[in-house]
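Architecture and fold: a report
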Amino acid sequence: MRTFETVSPRSDSCWESYSINSVTYYSIYSPSHNKIHCRSKIHFDRDVKLSRREPRVGVFICHCGGNIGNTVDVEKVKDAAAQFQFVRCAETHRYLCSSSGQDLIRRKTHEHGLERVVIGSCSPRMHLKTFRDLCSSEGINPYLVEIANLREQCSWTTLDKDNATDKAIALLAGAVGRAAYLEPLTPTQMKVNSNVAVIGGGVSGICASLELANQGYKVFMVERRPSIGGHMAQLSKTYPTLDCSLCILSPKLAEAKGHPLIELMTNTEVGAIDGSAGDYSLTLTTSPRYVDETKCTGCGECAKVCPVEVDDEFEVRTARRKAIYLPFPQAVPNAYVIDEKNCTKCWLCVKACRHGAINPRDQVSQKRIEVGAVIVATGFRLFDPSMLTQYGFGAHPNIVTNLQLERLIEHGVYRPSDGKTPRKIAWVLCVGSRDIKNGQPYCSKICCMAAVKEAVLLRELVPNLETWIFYTDLRAAGKGYEEFYARAGEDGVMFVRGRVAEVVPVNGDELMVRAEDTLLGEPLEVTFDLVVLCPAILPEAGTTELAGKLGLHIGSDNFLLERHYKLRPVDSENDGIFLSGCCLGPKDVRESVIEALSAASRTASLLGKGVVTISPEKAYVTADKCDSCGVCVKVCPTRSIDLLPSGATVKSISCVGCGLCVPVCPKDAIDLRHSTESQLMAEIEGVARTTSTKPKIIAFAEATSAYTACDLVGLSRRQYPTNVRVIKVPSVGRLHTRHLLAAFSAGADGVIMIE
């Protein structure tokens, strides 16, 4: 996120103004008194015309059950709002989103003949649709509803009631001013493409693909690795039932491979994406496999003659493989692949292959697919424990991760240093999790139960095995999890509450764990044959880059961010793009499958109607002002403006409503619906001129990422000065110098732009 700051030139030495024909002109000087900006007009009346009679605005302020009312003097805000121009009634309610709260709005709408409604409540990201639907049912165009964010960006960011109240009044004043100039808008509809792209071939991506394909949708499953299956294919058994992981997964792999409506695209990544919900176009780049999947029989003769041997990624470096290899025995597609990075191009494998399946001339290829929706299920990776040197990972072979232990279990439990069966094993939880200084602040959620599962499983496989689990707080929240944890204790698994300070090699193959038992208040030094580290769960590599291509938001934990954590948990900020599994955060197999089915359901809801609704919040051209200069065409990031002899025209389907074209037009021929010049100026005037707080800072925040970030500050209850008032704009590129000067003219002492 980039932040640009413009400090107001309020002193006479660097600021002067004068008026000609009621238009104010400004000159700004640098500290050296060289004039750097001249004659920048604040044109408040540019196309600003209300209807012949003043609009009738109703203001409704929510206590939000105390979330707002405990910090903001709601009654004082109501009294102030009642005095605003155009306001015909001002009311408060404990929960405006409730049935009784909505009934209040209905009743007052009819009593006062309201034409526009302003809600002072939580973020518009949460309940804008709720209030739009309500007003629509009462005959008010939904685009004549405005929300002032009095919770996330006011009451939750301060403990000072007077300042919070003052800020709430200013935010409501801006909302009322903007509402007076809102225009009725009507969305349009477009036929949708019924195909779906699923990015990620782990258990979540597989289940989402099968669910959609079984409903008749064509699915492109895109997986960057040579086989689908993800991390679940690496697990021995799953908790709490101890089912064989591949016994559950393998049938799904085979079903996906054989389904007539699923096209598997392995070794493939997303290169670019264009379009909008219902009509996305993805460019996919496929790396060469060098082996023809249709000809390979999986005989393995090629691997026998390959001279190159490297660590096996699937086996998490607990085994070796050749440069030509089968990812794992149940891999889908069940065909060998050449590791281009490590292959020496000796091509002995070509001679060994009796079926002519190996193609040394295979090349990178690209394919463009058209889909109506996208599901992102890109999974996770593990934190590198070697970054925490106190645990000794990488310095001793008998210090392994829990995923490496899963592979050791599959091939026979042994100690890597000498191949002997371990008799005493320690698990160290929270390696890189819940560690603000050296790792991640969040809990990785699955580590506790994974360690309990492995301890229980190993005690069944190795007679008289001692198992110790060192934990911070053992968390077993899930169906049957607490019972499974209790069973582990009954079976003899030792639980020690306390962080491990260090793991130290002693006596060659043995390891000493130094920790403190915080329940007993005693230090511990215990020797083990094998130490298992449980690293933090991180987003899969490349998640940030993919998010940039798809226009998705990244949370403070670097996982993808859902539109609403509770109400729209698998929706992204972009319509038509859904999220599933560990790309959203750490979770187990059960939760990943639940989200996969949820994402598939949301996708089917979007595409099943056959049409998608297109927002009317698009740029438009006033033809008689346009002189076809073409400046707008050059700045449009989505190539949505065509230049015709008669002037510029905007393609509303591909226009994203960013507003970059508006300030660059020298003829003021372009404006942006629902963020028109008059609406923006009125909001600036209301927020900046109302109340006497000093210094007064106006923060223009881009409507998606930046505005969401401002909301997240409130959600985390972090405080910042109440003299900072946020105005949401489609992008900071929508702003012109005149908007900054308008803010200064109305009383602002500083301006911040956040993109």
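The structure under discussion appears in the preceding block.
These notes cover the structure that comes with them. (Residues numbered from 1 in each chain as written. Predicted model: local features only at pLDDT ≥ 70, side-chain atom pairs only at ≥ 80, totals over all residues. Heavy atoms only, no water.)

**Comments concerning the pairing of strand E31 (residues 530–535)**
The cut-off we apply is this: Burial classification: accessible surface area is computed with a 1.4 Å probe over protein chains only, and a residue below 20% of its type maximum counts as buried, one above 50% as exposed, and the rest as partly exposed. Only DSSP runs of H or I with at least four residues qualify as helices, and only runs of E with at least two residues qualify as strands; both kinds are numbered from the N terminus onward. Two strands are counted as paired when DSSP detects at least two bridges linking them.
Within E31, six of the six residues are buried, which leaves it mostly tucked inside the rest of the structure. Side chains Leu 530, Val 532 and Cys 534 of E31 all project onto a buried face; the interleaved residues Val 531, Leu 533 and Pro 535 project onto the opposite face, where all are buried too. As paired elements, strand E24 (residues 399–401) and E31 share three bridges and run parallel to each other. Note that in E31 the partner of Ile 399 across the bridge is Val 531. Across five bridges, the pairing between strand E25 (residues 424–431) and E31 is parallel.

**Comments concerning the sheet that holds strand E21 (residues 365–371)**
Inclusion rule: For helices, the axis comes from a line fit to the C-alpha atoms of the stretch in contact; other axes are also lines fit to C-alpha atoms, and the angle between any two N-to-C directions lies between 0 and 180 degrees.
Strand order in this open sheet of three strands is E15-E16-E21, and the pairing throughout is antiparallel. The sheet terminates laterally at strand E15 (268–276) and E21, the two strands that pair on one side only. Strand-to-strand, the axes of this sheet are offset by a mean angle of 20°, without reference to chain direction. Examined bridge by bridge, E15 and strand E16 (residues 279–286) share eight bridges and lie antiparallel to one another. Bridging from a neighbouring strand, Ala 272 pairs with Thr 283 of E16.

**Regarding the packing of helix H1 (residues 74–82) against helix H4 (residues 161–180)**
Filter applied, for reference: Helix crossings fall into two classes, left-handed where the near helix is turned counterclockwise from the far one by less than a right angle and right-handed where it is turned clockwise. Should any heavy atoms of two residues lie within 4.5 Å, those residues are considered in contact. Three residue categories are used. Nonpolar comprises Ala, Val, Leu, Ile, Met, Phe, Trp, Tyr, Cys and Pro, charged comprises Asp, Glu, Lys and Arg, and polar comprises the others, including Gly.
At a minimum axis distance of 9 Å, the contact between H1 and H4 shows a crossing angle of 35°. For the pair H1 and H4, the crossing hand works out as right-handed. Between H1 and H4, the residues in contact are Lys 76, Val 77, Ala 80 and Ala 81 and Thr 165, Ala 168, Ile 169 and Leu 172, respectively. A breakdown of the residues in the contact of H1 with H4 according to their chemical character gives six nonpolar, one polar and one charged.

**Some words on the nonpolar core**
Applied cut-off: Take the buried Ala, Val, Leu, Ile, Met, Phe, Trp, Tyr and Cys residues and link them wherever side-chain atoms come within 4.5 Å; each set so joined is a nonpolar core.
Residues Trp 427, Phe 470 and Val 531 are the most contacted members of the largest nonpolar core, which totals 63 residues. The element contributing the most residues to this core is helix H10 (residues 447–461), with ten residues. Dropping the residues within four chain positions of it, Trp 427 is found in contact with Leu 405, Ala 451, Glu 454, Ala 455, Leu 458, Thr 467, Trp 468, Ile 469, Phe 470, Val 532 and Cys 534. Ile 68, Phe 84, Ile 105 and Leu 182 belong to the second-largest nonpolar core, a separate cluster that totals 48 residues.

**Overview of the packing of aromatic side chains**
The cut-off we apply is this: Only centres within 6.5 Å qualify two rings of Phe, Tyr or Trp (six-membered ring in Trp) as a pair; their planes then separate them into stacked at under 30 degrees, edge-to-face at over 60, and tilted for everything else. Two conditions define a charge located above a ring, namely a distance within 6 Å from the ring centre to NZ of Lys or CZ of Arg, and an angle within 35 degrees of the ring normal.
Overall, the coordinates contain eight aromatic pairs when judged by the stated rule. Ring centres of Trp 468 and Phe 470 lie 6.2 Å apart, and the angle between their planes is 25°; on these two criteria the pair is classed as stacked. With respect to class, Trp 468 is no different from Phe 470; both count as buried. Among the aromatic side chains, those forming a connected cluster through ring pairs are Trp 468, Phe 470 and Phe 528. Above the ring of Tyr 325, the side-chain terminus of Arg 321 is found at 3.8 Å from the ring centroid. The ring of Tyr 707 carries the charged tip of Lys 728 above its face, separated from the ring centre by 4.9 Å.

**Examining the side chain of Ser 580**
Rules: As used in this structure description, the phrase polar contact means that two N or O atoms lie within 3.5 Å; if the pair is within protein, one of them must be able to donate a hydrogen and the other to accept it, and residues adjacent in sequence are counted only when both atoms belong to side chains.
The residue Ser 580 is located in the loop between strand E33 (577–579) and helix H13 (589–607) in this model. Look at Ser 580 and you get buried, because its relative accessible area is 0%. A distance of 3.2 Å separates the side chain of Ser 580 from the backbone nitrogen of Ala 596, its partner in a polar contact. Beyond its immediate stretch of four places on either side in the chain, Ser 580 contacts Ser 204, Ile 375, Val 376, Ala 377, Ser 592, Glu 595, Ala 596 and Ala 599.

**Examining unusual backbone geometry**
In this structure, Pro 240 follows Tyr 239 across a cis peptide bond, with omega equal to 0°. When you line up the elements, Pro 240 lands in the loop between strand E12 (237–238) and strand E13 (243–244). With an omega dihedral of 0°, the bond running from Val 332 to Pro 333 counts as a cis peptide bond. For Pro 333, the position within the fold is in the loop between strand E19 (324–325) and strand E20 (337–338). Phi at Asn 558 takes a positive value of approximately 75°, unusual for a residue other than glycine. You can see Asn 558 is positioned in the loop between helix H12 (543–550) and E33.

**Quick word on the sheet that holds strand E5 (residues 57–62)**
Read from one edge of the open sheet, four strands run E6-E5-E7-E8, paired in parallel fashion. Edge positions in the sheet fall to strand E6 (87–93) and strand E8 (145–149), since each has one partner strand and no second. When the angles between neighbouring strand axes are averaged without regard to direction, this sheet yields 15°. Sheet analysis places strand E7 (residues 116–121) next to E8, joined by five bridges and oriented parallel. Bridge pairing links Ile 119 to Ile 147 in E8. The sheet strands contacting helix H2 (residues 99–112) are E5, E6 and E7, and the helix crosses E6 at an angle near 165°.

**Some remarks on the pairing of E8**
Rules: When the strands point away from the viewer, a crossover counts as right-handed if the path from the first strand over the helix to the second runs clockwise.
The buried fraction of E8 is high, at five of five residues. Both faces of E8 are covered, namely the face carrying Val 145, Ile 147 and Asn 149 and the face carrying Glu 146 and Ala 148. Viewed along the sheet, the connection from E7 through helix H3 (residues 124–137) into E8 turns out right-handed.

**Points about the packing of helix H5 (residues 203–213) against helix H6 (residues 245–258)**
For clarity, the threshold we go by: The cut-offs work like this: below 35 degrees is roughly parallel, past 145 is roughly antiparallel, 65 to 115 is roughly perpendicular, and the gaps in between are oblique.
H6 packs onto H5 with a crossing angle of 50° between their chain directions and a minimal axis gap of 10 Å. Between H5 and H6, the interaxial angle falls into the category oblique. Both H5 and H6 take part in a crossing whose hand is left-handed. Between H5 and H6, the residues in contact are Val 203, Ile 206 and Leu 210 and Leu 249, Lys 252, Leu 253, Glu 255 and Ala 256, respectively. Along the lines of polarity and charge, the residues of the contact of H5 with H6 split into six nonpolar, no polar and two charged.

So far we have only geometry, and geometry alone does not tell us how the molecule works.
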